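Single-letter residue listing:
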Amino acid sequence: WANKTLFHPDSLVNRSSLVQDLAEFCVILPKQQTYLSLSEAIDIIVEIAKKNRLNAKLSTWNLSNKRILTDQIKEAWLQWKFGSFKTEIPISRIQFAELINATINPFELHQIDHNGTFKPTY
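For the structure given in this document, a descriptive report is provided here.

The rules behind these values
- Residues numbered from 1 in each chain as written.
- Predicted model: local features only at pLDDT ≥ 70, side-chain atom pairs only at ≥ 80, totals over all residues.
- Heavy atoms only, no water.
- Helix = DSSP H or I, 4+ residues; strand = E, 2+ residues; numbered from the N terminus.
- Buried < 20%, exposed > 50% of the residue type's maximum accessible area, 1.4 Å probe, protein only.
- Contact = heavy atoms within 4.5 Å.
- Core = buried A, V, L, I, M, F, W, Y, C linked by side-chain atoms within 4.5 Å.
- Phe/Tyr/Trp six-rings, centres within 6.5 Å; stacked < 30°, edge-to-face > 60°.
- 1 Å grid on protein atoms, 1.4 Å probe; cavity = no way out; pocket = protein on both sides within 12 Å on 5 of 7 lines; lining within 4 Å.
- Points joined across faces, edges and corners; volume = space filled by probe spheres on them.
- Nonpolar A, V, L, I, M, F, W, Y, C, P; charged D, E, K, R; others polar.

On a plain count of helices and strands, the protein comes out with 5 helices and 0 strands. Counted from the first residue to the last, the protein has its helices and strands arranged as α-α-α-α-α. Counting across all 122 residues of the protein, residues that qualify as buried make up 30%. Considering only contacts in the protein between residues 6 or more positions apart, those separated by 24 or more positions represent 54%.

Structure (structure tokens):
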């Protein structure tokens, strides 16, 4: 047993890894850029919300309008103390994790076991 942290929160989100990791939630088109931008992360959130029919009435986030959602995220970004808000910059893994968790709460969408495998929902 070794005491290791494998999350690497300060690393940037690698697009090719994310394509595989979020395949159950949405389709992410491969692009030339290695890292995911904040704007693309917001697009992913909107896509996941649409695919999973997340009801805006049950959320304080406007998940159907990217412009409004971006404004809401900008406000939260400052509260999360993530620094300046620029949609074109690559985002870190901790920023993406906070963003996804706050807006769509993915662990409420699908059951996932301790190995990261989706459990069937009946």
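Structure's up, so let's keep going.
This part is about the nonpolar core. In this structure, L18, I44, L69, I73 and F96 are the most contacted members of the largest nonpolar core, which totals 28 residues. Contributions of two or more residues to this core are made by helix 2 (38–51), helix 3 (66–79) and helix 4 (93–103). Those residues within four positions of I73 in sequence are excluded, and the remaining contacts are I42, W61, F85 and L99.

Tallying each qualifying case throughout the model produces 4 aromatic pairs. Look at W77 and F85: their rings are 5.7 Å apart centre to centre, the planes differ by 80°, and that puts the pair in the edge-to-face class. Judged by its relative accessible area of 0%, W77 is buried. Cluster of aromatic residues (ring-pair linked, three or more members): W61, W77, W80, F82 and F85.

In this structure, the largest pocket encloses a volume near 690 Å³. Residue assignment for the lining of the largest pocket shows that the elements contributing at least two residues are helix 1 (15–21), helix 4 and helix 5 (106–109). Counting residues per element, the lining of the largest pocket draws most heavily on helix 4, which supplies 5 residues. Along the lines of polarity and charge, the residues of the lining of the largest pocket split into 12 nonpolar, 7 polar and 2 charged.

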